[in-house]
Amino acid sequence: MATNKEDKLNATEMVSSSNLVAAGTVIVGNIATPGNIRVEGTVEGSLESQNKIIVGDSAEVHGNLSAKEIEIAGHVKGEIRCNGALYLKKTAVILGDIYTKKLIIENGAELNGKCHMGDRSE
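Residues numbered from 1 in each chain as written. Predicted model: local features only at pLDDT ≥ 70, side-chain atom pairs only at ≥ 80, totals over all residues. Heavy atoms only, no water.

So, on to the overall build of the protein chain. Scanning the protein chain from terminus to terminus reveals 1 helix and 16 strands. The 122 residues of the protein chain split such that 34% are buried. Relative to all contacts within the protein chain whose residues are 6 or more apart in sequence, the contacts with residues 24 or more apart total 2%. Counting only carbon and sulfur atoms, one obtains 48% of the accessible surface of the protein chain, whose full area is about 7100 Å². (Helix = DSSP H or I, 4+ residues; strand = E, 2+ residues; numbered from the N terminus. Buried < 20%, exposed > 50% of the residue type's maximum accessible area, 1.4 Å probe, protein only. Contact = heavy atoms within 4.5 Å. Areas by Shrake-Rupley, 256 points an atom, 1.4 Å probe, with all protein chains shown as cover.)

Next up, the structure:
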């Protein structure tokens with residue numbers, strides 16, 4: 001039987017855990033996790049994290065993204081919902097609308113869609 005202290009430790013480990021879609025990997029389907037997601041391969045489906053999503057520069061995502069914090073260096077075709085900070089690196093290519101409270105764009109990033117910012121962005 002687990003104690004409350006053990007339950008809290010397991011919950012902390014789950015939230016801080018990371019999931020990796022490695023380069024060359026193709027996943028068809030939706031992914032949802034309480035932890036972090038890092039994509040270096042291809043995902044054809046939506047990604048949902050209660051924490052952070054990272055889309056690497058070699059990655060392609062054809063689906064919606066939803067997380068507290070999102071960092072994109074690759075290609076995303078879909079809607080992006082971020083209730084914290086959205087970082088678009090210089091190699092990012094976005095085809096879709098974004099909803100975020102905070103947006104940081106490096107010189108060279110491409111955004112082809114509407115941008116909705118602030119508290120009403122959710």
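Right, picking up where we left off after that structure.
Another point: the environment of Val21. Mapping Val21 onto the fold places it in strand β1 (residues 18-21). The sequence separation of Val21 and Val39 amounts to 18 residues, and the corresponding C-alpha distance is 4.7 Å. With sequence-adjacent residues up to four places away left out, Val21 is seen in contact with Ile27, Ile31, Arg38, Val39, Glu40, Gly41, Thr42 and Val43.

On to the packing of aromatic side chains. This structure, assessed with the given rule, holds 0 aromatic pairs. When the ring centre of Tyr99 is taken as origin, the NZ or CZ atom of Arg81, which lies over that ring, is 3.9 Å away. (Phe/Tyr/Trp six-rings, centres within 6.5 Å; stacked < 30°, edge-to-face > 60°. Lys NZ or Arg CZ within 6 Å of the ring centre and 35° of its normal.)

Here the focus is the nonpolar core. Ranked by internal contacts, the top residues of the largest apolar core, which has 22 residues, are Leu47, Leu65, Ile70, Ile72 and Ile80. The biggest single contributor to this core is strand β12 (residues 80-88), with 4 residues. Residues contacting Leu65, with those up to four places away along its chain left out, are Leu47, Ile53, Val55, Ile70, Ile72, Val76, Glu79, Ile80 and Arg81. (Core = buried A, V, L, I, M, F, W, Y, C linked by side-chain atoms within 4.5 Å.)

Mapped onto the fold, Val55 is located in strand β7 (residues 52-55). Judged by its relative accessible area of 1%, Val55 is buried. Setting aside residues no more than four positions away along its own chain, Val55 makes contact with Val39, Val61, Leu65, Glu71, Ile72, Ala73, Gly74 and Val76.

Everything listed here is a matter of geometry and, on its own, says nothing about what the molecule does.
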